[in-house]
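# Per-entry structural report
Chain by chain, the residues:
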Amino acid sequence: MLRYKWQGDDIDAADNRALRRAMGEGLPLIWFFGIGPGLYQPVFPVFLIAEETDKQQFVVDIDPQRAFLDSDVNLDSPLEVDVLKRYGTRIARTRLHQRLFRSTVINAYGTRCAICNLRHKVLLDAAHIIPDTHEDGVPTVVNGMAMCKIHHAAFDANILGIRPDLVVEIRTDILAEVDGPMLKHGLQDRHRQPLMSVPSKRAERPSLLLLETAYARFREA
Ligand SMILES: [Zn+2]
């Protein structure tokens, strides 16, 4: 679940008191989730469901009722409704995390493919460096990289690897193929070239450890 930090350190600051009251009354809120300087992804409706005073933050959950309505359920079966309501909430939470991951990563790379600089949002994905099926595959910006659809698929299929020093490598057998312009320019010509787009903020650049793990896997392929 997501966390929302207090305003400042003062437990009794006006904003923190207001949030605590909204939590007590179960009021729906709109959360402007920061994805970059001056850029926000609105998330709503959300509820504050707990406060972690020691960490100076609130626990945020999305509206389970809405998550429930988004899924197909048999309304005649109380058991199915109950199971799917919980399941639906989980799916909705996962989708929310994915949406925030996508916005944050694509914004960090200036809405460009890291490999080829393509700048069309509809053709861009937020690729996981370590897949989200893996326990280290967390949906945070340091495990993400903006890539166009082709390079994302090539990366996931180990056709393309990224060295920890941010240089692209293309798998040896692919380098030997003869085909059309996508193979030549899109893949073979990127071999041993540095990434074309890297986040300007150091904190948003890929984690070295995650890159090393992914690159070792590419070398084994
Ligand atoms: Zn690309």
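An account of the accompanying structure is given in this report. Everything quoted here is computed from the prediction, not taken from an experiment.

### Here we look at the pairing of strand β6 (residues 144-148)
Within β6, five of the five residues are buried, which leaves it mostly tucked inside the rest of the structure. Burial of β6 is two-sided: the residues Gly-144, Ala-146 and Cys-148 facing one way and the residues Met-145 and Met-147 facing the other way are all buried. Looking at chain direction, strand β5 (residues 124-128) and β6 are connected through five bridges and run antiparallel. Following the sheet pairing, His-128 is matched in β6 by Gly-144.

### Brief notes about the nonpolar core
Counting 31 residues, the largest nonpolar core has Ile-115, Met-145, Met-147, Leu-160 and Ile-162 as the members making the most contacts within it. Of all the secondary-structure elements, those providing two or more residues to this core are α3 (78-108), β5, β6, α4 (149-156), β7 (160-162), β8 (168-170), α6 (181-187) and α7 (208-220). Residue-level mapping places this core at the junction of two domains, with at least three residues from each of domain 1 (2-108) and domain 2 (121-220). Beyond its immediate sequence surroundings of up to four residues, Met-147 is in contact with Cys-113, Ala-114, Ile-115, Leu-123, Leu-124, Asp-125, Ala-127, His-152, Phe-155 and Ile-162.

### A short note on the packing of aromatic side chains
Counted under the stated rule, the structure contains three aromatic pairs. Here the aromatic rings of Tyr-4 and Trp-31 are separated by 5.6 Å at their centres, their planes lie at 80 degrees, and the arrangement is edge-to-face. A residue pair is termed long-range when its members are at least 10 positions apart, and Tyr-4 in strand β1 (residues 2-5) and Trp-31 in strand β2 (residues 29-36) qualify at 27 residues. In this structure Trp-31 comes out as buried when scored by relative accessible area, which is 10%. Seen in terms of ring centroids, Trp-31 and Phe-33 are 5.2 Å apart; in terms of plane orientation they differ by 70 degrees. Their pairing is edge-to-face. Accessibility assignment for this pair places Trp-31 and Phe-33 in one class, buried.

### Considering helix α1 (residues 14-24)
The periodicity of an α-helix, 3.6 residues per turn, causes residues three or four positions apart to be oriented the same way. Among the residues making up α1, those that are buried are Asn-16, Leu-19 and Ala-22. The arc enclosing the buried residues of α1, seen along the axis, measures out at 120 degrees, which places them on a common side. Facing away from the buried side of α1 by over 90 degrees, the exposed positions are Ala-14, Arg-21 and Gly-24. Gly-26 sits one or two positions beyond α1 and adopts a positive phi of about 65 degrees.

### A short note on the coordination of the zinc ion
At this site the zinc ion is bound by Cys-113 (SG), Cys-116 (SG), Cys-148 (SG) and His-151 (ND1), with donor distances of 2.1 to 2.3 Å. One way to put it: the four donor atoms around the zinc ion meet at angles of 96 to 120 degrees, and that makes the site tetrahedral.

### Considering the sheet that holds β2
Spatially, β1-β4-β3-β2 is the arrangement adopted by the four strands of the open sheet, whose pairing is antiparallel. Taken across any chain shown, the strands that pair with only one partner, and hence form the sheet edges, are β1 and β2. Neighbour-to-neighbour, the strand axes of the sheet open up by a mean angle of 55 degrees, direction not taken into account. Pairing of strand β3 (residues 39-52) with strand β4 (residues 57-62), which is carried by six bridges, proceeds in the antiparallel orientation. For Phe-47, the partnering residue across the bridge sits in β4 and is Asp-61. Seen against the sheet, α1 touches β1, β2, β3 and β4 and runs at an angle of roughly 75 degrees to β3.

Rules and cut-offs
Residues numbered from 1 in each chain as written. Predicted model: local features only at pLDDT ≥ 70, side-chain atom pairs only at ≥ 80, totals over all residues. Heavy atoms only, no water. Buried < 20%, exposed > 50% of the residue type's maximum accessible area, 1.4 Å probe, protein only. Helix = DSSP H or I, 4+ residues; strand = E, 2+ residues; numbered from the N terminus. Pairing = 2+ DSSP bridges. Core = buried A, V, L, I, M, F, W, Y, C linked by side-chain atoms within 4.5 Å. Domains from an automatic or database assignment. Contact = heavy atoms within 4.5 Å. Phe/Tyr/Trp six-rings, centres within 6.5 Å; stacked < 30°, edge-to-face > 60°. Arc of directions from axis to C-beta. Donors = N, O, S within 2.8 Å, 3.2 Å for Na, K, Ca; no water. Tetrahedral: all angles 85-135°; square planar, octahedral: opposite > 155°, others 65-115°. Axes fitted to C-alpha atoms, helices over the stretch in contact; angles between N-to-C directions.

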